[in-house]
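The primary structure of each chain is shown beneath.
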Amino acid sequence: MRASLIQIAVDEGESPASRRQRAAALVRAQAGADLVVLPELWTTGAFAYEDFGREAEPLHGPTYETMAEAAADAGVWLHAGSIPERATSADGSGPDDGTLYNTSLVFSPSGELAAAYRKIHRFGFDQGEAVLMGAGREPVTVPLPGTTLGLGTCYDLRFPELFRALVDAGAEVLVLPAGWPERRRAHWTLLARARAVENQAFVLACGTAGTHAGVPQAGHSIVVDPWGEVLAEAGAGEEVLTVDLDPAKVAATREQFPALKDRVLGLATPRR
């Protein structure tokens, strides 16, 4: 499986509409890949809190439409990163209910929406995203030919129980778009490798370049294999990171070193 992580730069001088078109062109340029991944909140910037309400869009809004077309044109599975979603009524015809979510969108190679994931762990310590956005409730997996994706977003990376739940649901490739700050880049690399090792899964962590509302971004998108080895890592600037993965390595790793079978805590029925 060939995966391409698009570490797009987010800077204040470019409008969200312009960035959508530029991101779509970058997605189309990855034709031939199997999976393409964009970062978290790349239309606005993950730290541009004052823009969340103004730039929020319904699930089937302009980013949805642009990315669905790009996925179909490229013929790829596309994790389109996340958007500031403004929720509507269940059937999409009612009024805005006032709640914002940090929502990831995954499209099939035909441009159909395969999954949407609302970020469960909101960053901010009672500020920013933590008070401006609602929290998702459910872990989300996405079956692909030959493997299953498990979805997380940025701050989720610090909460291993989410990724364990994704593995219990069948995930073998953990995909994490992020807007991770440069000042905590060491944690980014450490935690990405830890989630790979403890879950014996691939981790595809795609961050942004540039500056979000004055906060320099870490960049350094990273792909880690089930043994915790770094297969590829980007630099600090805008870059497309492409790597070939063998999904069979997950099963092989879990068979060679069957640590997951020795779990005791957190199981629905404890082993005796």
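Residues numbered from 1 in each chain as written. Predicted model: local features only at pLDDT ≥ 70, side-chain atom pairs only at ≥ 80, totals over all residues. Heavy atoms only, no water.

An unreviewed UniProt entry lists the protein under the name Putative amidohydrolase, with Streptomyces murinus given as the organism. Recorded in UniProt for the protein, the comment headed Sequence similarities (unreviewed entry) runs: "Belongs to the carbon-nitrogen hydrolase superfamily. NIT1/NIT2 family." (UniProt positions renumbered as here; feature names shortened; annotations may be inferred.)

Novice: Tell me about the side chain of Lys119, and name the residues and values.
Specialist: Looking at where Lys119 falls in the secondary structure, it is placed in the loop between β6 (113-118) and α4 (129-132). The class for Lys119 is buried, based on a relative accessible area of 2%. Within polar-contact distance, the side chain of Lys119 engages the side chain of Glu40 at 2.9 Å. When near neighbours in sequence (up to four residues on either side) are disregarded, Lys119 contacts Glu40, Asn102, Glu129, Gly134, Ala135, Gly136, Thr153, Cys154, Tyr155 and Asp156. (Helix = DSSP H or I, 4+ residues; strand = E, 2+ residues; numbered from the N terminus. Buried < 20%, exposed > 50% of the residue type's maximum accessible area, 1.4 Å probe, protein only. Polar contact = N/O pair within 3.5 Å; in protein donor to acceptor, adjacent residues only side chain to side chain. Contact = heavy atoms within 4.5 Å.)

Novice: Now, about the pattern of salt bridges: what can you tell me, with residues and values included?
Specialist: This model, assessed by the stated rule, comprises 14 salt bridges. Arg20 is paired through a salt bridge with Glu57; the nearest N and O atoms lie 3.2 Å apart. Residue Arg20 is found in helix α1 (residues 16-28), and its partner Glu57 is found in the loop between α2 (49-55) and α3 (62-74); the two are separated by 37 residues along the sequence. For Asp73, the salt bridge is made with Arg28, and the minimal N-O distance between the two is 2.7 Å. Here the residue Asp73 occupies a position in helix α3, and Arg28 occupies one in helix α1, the gap between them amounting to 45 residues. Classification of Arg28 as partly exposed rests on a relative accessible area of 32%. (Salt bridge = Lys/Arg side-chain N within 4 Å of Asp/Glu carboxyl O.)

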